[in-house]
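# Structural overview
Below, each chain spelled out in residue letters.
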Amino acid sequence: LLTETTFWERKNTAHNVGLQGVTELLLRLEEIVNIKKGMETTEPKPFNSRLVVIGHSFGGAVLFTSLQQVLADRFIDSRSDKIFSDDAKGFGDLVVLINPAFEAMRFATLYDISQQACRRYFPSQLPRLAILTSKKDYATKYLFPTGRFFSTFFDSHTTLKRQQCTVDGPKDLYVKEGKADRNTVGHFEPYLTHKLVPSRSKLIRSSQFDYRQMQSAWSEQTYEGTFHFENSDLVHLGTTQPLNPYLNIQVDGKLIPDHNDIWGDSIISFIRDMIVLSTLPVKN
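Residues numbered from 1 in each chain as written. Predicted model: local features only at pLDDT ≥ 70, side-chain atom pairs only at ≥ 80, totals over all residues. Heavy atoms only, no water.

## Description of the packing of helix 7 (residues 211–218) against helix 8 (residues 265–279)
- Interaxial distance between helix 7 and helix 8 falls to 10 Å at its minimum, and their mutual angle equals 85°. Looking at the two axes, helix 7 sits roughly perpendicular to helix 8. Of the residues in helix 8, those touching helix 7 at Tyr 211, Met 214, Gln 215 and Trp 218 are Arg 272, Asp 273, Met 274, Val 276 and Leu 277.
- Taken together, the residues that form the contact of helix 7 with helix 8 break down as 6 nonpolar, 1 polar and 2 charged. (Axes fitted to C-alpha atoms, helices over the stretch in contact; angles between N-to-C directions. Helix = DSSP H or I, 4+ residues; strand = E, 2+ residues; numbered from the N terminus. Parallel < 35°, antiparallel > 145°, perpendicular 65-115°, else oblique. Contact = heavy atoms within 4.5 Å. Nonpolar A, V, L, I, M, F, W, Y, C, P; charged D, E, K, R; others polar.)

## Observations concerning the pattern of salt bridges
- Inspection of every chain in the model, using the stated rule, returns 11 salt bridges.
- Put simply, Glu 103 and Arg 106 hold a salt bridge, and the shortest N to O gap is 3.0 Å.
- Residue class for Arg 106 comes out partly exposed when judged on its relative accessible area of 26%.
- When salt bridges with common partners are traced through the structure, they connect Glu 103, Arg 106, Arg 148 and Asp 181 into a single cluster. (Salt bridge = Lys/Arg side-chain N within 4 Å of Asp/Glu carboxyl O. Buried < 20%, exposed > 50% of the residue type's maximum accessible area, 1.4 Å probe, protein only.)

## A short note on the pairing of strand 8 (residues 232–236)
- Counted residue by residue, strand 8 has 5 buried out of 5 residues, so it is predominantly covered.
- Where burial is concerned, the two faces of strand 8 agree: the one with Ser 232, Leu 234 and His 236 and the one with Asp 233 and Val 235 are both buried.
- Where strand 7 (residues 226–228) and strand 8 come together, 3 bridges link them in antiparallel fashion. Residue Phe 227 lies in a different strand from strand 8, and its bridge partner there is Leu 234.
- Turn length for the strand 7-strand 8 hairpin, with the two strands adjacent in sequence and antiparallel, is 3 residues. (Pairing = 2+ DSSP bridges.)

## Comments concerning helix 4 (residues 108–115)
- For helix 4, the buried fraction is high: 6 of the 8 residues fall into the buried class.
- The inward-facing, buried residues of helix 4 abut helix 3 (58–76), strand 3 (129–134), strand 4 (159–166), strand 5 (169–176) and strand 9 (246–251).

## What about the state of the cysteines?
- Summed over all chains, the structure comprises 1 disulfide.
- Across the disulfide from Cys 118 sits Cys 165; the S-S distance is 2.2 Å. What sets the handedness of the Cys 118 and Cys 165 disulfide is the S-S torsion sign, and at about -95° it is left-handed. Of this pair, Cys 118 sits in the loop between helix 4 and strand 3 while Cys 165 is found in strand 4, placing the two residues 47 residues apart along the sequence.
- On the basis of relative accessible area, Cys 118 is assigned to the buried category, the value being 11%.
- For Cys 165, a relative accessible area of 1% gives the class buried. (Disulfide = S-S within 2.5 Å.)

## A few points about the packing of helix 3 against helix 4
- Interhelical geometry of helix 3 versus helix 4 gives an angle of 20° and a closest axis separation of 10 Å. Between helix 3 and helix 4, the interaxial angle falls into the category roughly parallel. The element helix 3 and its partner helix 4 pack so that their crossing is left-handed. Residues Phe 64, Gln 68, Leu 71, Ala 72 and Phe 75 of helix 3 touch helix 4, and the partners they reach there are Thr 109, Leu 110, Ile 113 and Ser 114.
- Per-class residue counts for the contact of helix 3 with helix 4 are 6 nonpolar, 3 polar and no charged. (Left-handed = near helix turned anticlockwise from the far one by under 90°.)

None of the figures reported here should be taken as evidence of function without further support.
Rendered as structure tokens:
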């Protein structure tokens, strides 16, 4: 128990590594992929070059730390000559974090800018960041906030007024910084956007299944609607715009039973579909 709750050095190392070297590494990888795509312009081969990064636990903290500012910059896209609206850009094709071990406060910037003015997203908007946290991940649910209680004991916090985007319009959201600083992003209810639950009946896909049908259905999501994957259902919680590119998903314990047992068939199927959805060229 003492080992699990005294994780400060491991956590600090994760964030330091993310800030110092991983950002540069990831951006260089993205540059390679972009050059490869550029070389395919005469004979387009859209499925040859993809970039998807996945991080688990403190690996998720490394990835998020390294990409947080990149994601924020690309969401805002503050080019001086920008005179049009466009989809929110991300890093590569998709970033996936599974049971990530970092506090919800670090997610606040992305949550706030994606909620600002409850902006609408174009039907072509694809997911850019998917955070999956199991309800039964007790390491991040109980041990993480226990350790953070001691490491943040002398920190000062306040209550912030933010907003949720509901079907009836903006709704005031009061965020307690103390709780956001102690609890992980996947166990901080105010920032949750979806829940992932087992499907009541498994979808049987034919050999002729067209992923563009899934892309089309994704663009038509609604508040508190349910999007059916092969073995799981993604339920929108009604607190963000349906096509918000940042998904903070609470996962049913039947799909991810604990902190480390993350590669069940249903999760593999879900992530596979998210990757295809995010990398499939949008049909004009």
